[in-house]
Amino acid sequence: MKRLTSILLAAVMMFALVVPALAAGVPYVSVSSTSANAGDEVTLSISLDTQGITTKGCAITLSYPGALTLKKMESNGYYSANVTTGRIQFMYPSSTAGVSFTATFKVGAATTSGDYYVTASAVELIGEDYKNISANTGVGKVSVHGHAA
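Computed from a predicted model, the values in this text were never measured in an experiment. Every chain's residues receive numbers from 1 upward, in the order its sequence appears when written. Only residues with pLDDT of at least 70 are given local features in this predicted model, and only at 80 or more are side-chain atom pairs given and counted; all residues enter the totals for whole chains, interfaces and linings. Side-chain numbers come from the whole structure's heavy atoms, not from hydrogens or water.

A. Structural detail: the overall build of the protein chain. A tally of regular secondary structure across the protein chain gives 1 helix and 10 strands. Relative accessible area decides the class of each residue, using a 1.4 Å probe on protein chains only: under 20% of the type maximum gives buried, over 50% gives exposed, and in between gives partly exposed. The buried share of the protein chain, taken over its 149 residues, is 33%. Of the contacts made within the protein chain by residues no fewer than 6 positions apart, 73% connect residues no fewer than 24 positions apart. The accessible surface values rely on the Shrake-Rupley method and a 1.4 Å probe; as for residues, cover is taken only from the protein chains in view. Carbon and sulfur atoms provide 57% of the accessible area of the protein chain, an area that totals close to 8600 Å². Only runs of H or I of at least four residues qualify as helices and only runs of E of at least two qualify as strands under DSSP, and these elements are numbered from the N terminus. The contact definition used throughout considers only heavy atoms, calling two residues in contact when any of these lie within 4.5 Å.

Structure (structure tokens):
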């Protein structure tokens, strides 16, 4: 009986050590979706969820089709934003907090109906030890419903 108790206690201790490490998960970027008419401006929300992993900074790059033109990126905490490259960088003290920003696009006046996808990738996610951490990419959709009147 003592042996069984010892085995069960060891199993519970291993579980207690492993579960917090797994609970952190993999950081991911999310992108909202919206619908518009040709010629409209639309704003998408983009955010990084660190999944509890301590980070010191990140850079997120947007990829989008030619039917959309990136007009601006806004956030309260960005270090730099470059609309030409679709890249925004955040630097901050070690934190498990994520970051978020908005990206405003102009839908081309001659854009045909269909779905146009915006991809946001964390190209740099710097961990507390200054090593790069990988994060899953986020994809949002702009559904265009024909030409503007």
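Additional details are given in the paragraphs that follow.
B. Just the pattern of salt bridges, in detail. Salt bridge criterion: a side-chain nitrogen from Lys or Arg within 4 Å of a carboxyl oxygen from Asp or Glu. One pass over the structure, following the stated rule, counts 2 salt bridges. Measuring nitrogen to oxygen at the nearest pair gives 4.0 Å for the salt bridge that ties Lys72 to Glu74. Judged by its relative accessible area of 44%, Glu74 falls in the partly exposed class. Notably, a salt bridge pairs Arg87 with Glu124, separated by 2.8 Å at the nearest N-O pair. Here Glu124 lies in strand E9 (residues 114-127) and Arg87 lies in strand E7 (residues 87-95), a separation of 37 residues in the sequence. Glu124 sits in the partly exposed class, given a relative accessible area of 32%.

C. Representation of the environment of Leu68 in the model. In this fold, Leu68 is placed in strand E5 (residues 68-74). C-alpha of Leu68 to C-alpha of Asp40: the two residues are 28 residues apart in sequence and 10.0 Å apart in space. Apart from the residues lying within four places of it in its own chain, the contact partners of Leu68 are Phe105, Lys106, Val107, Tyr116, Val118 and Val142.

D. Region of interest: the sheet that holds E5. Read across the sheet, 4 strands follow the order E1-E3-E8-E5 without closing on themselves; strand pairing throughout is antiparallel. For this open sheet the edge positions go to strand E1 (28-31) and E5, each flanked by a neighbour on one side alone. Taking each pair of neighbouring strands and ignoring which way they run, the sheet shows an average axis angle of 25 degrees. Note on pairing: DSSP must find at least two bridges between two strands before they are called paired. Each axis is a line fitted through C-alpha atoms, and for a helix only the stretch in contact is used; angles between axes span 0 to 180 degrees, taken between their N-to-C directions.

E. The arrangement of the side chain of Thr50 in detail. Along the chain, Thr50 falls in the loop between strand E3 (41-49) and strand E4 (55-63). At 2.4 Å, the side chain of Thr50 forms a polar contact with the backbone oxygen of Thr96. The contacts of Thr50, once residues within four sequence positions are left out, are Pro27, Thr55, Thr96, Ala97 and Gly98. Whenever a nitrogen or oxygen atom comes within 3.5 Å of another N or O atom, the pair is scored as a polar contact, on the condition that within protein one atom can donate a hydrogen and the other can accept it, and that pairs from neighbouring residues in sequence are kept only if both atoms are in side chains.

F. Here's a closer look at the sheet that holds E7. The 6 strands are arranged E2-E10-E9-E4-E7-E6 in an open sheet whose pairing can be described as mixed. The sheet is open, and its two borders are formed by strand E2 (34-36) and strand E6 (80-82), each paired with just one other strand. Neighbour-to-neighbour, the strand axes of this sheet turn through a mean angle of 20 degrees, independent of strand direction. Here E9 runs beside strand E10 (residues 138-144); their pairing, made up of 7 bridges, is antiparallel. When the bridges of E10 are listed, Asp115 appears paired with Ser143.

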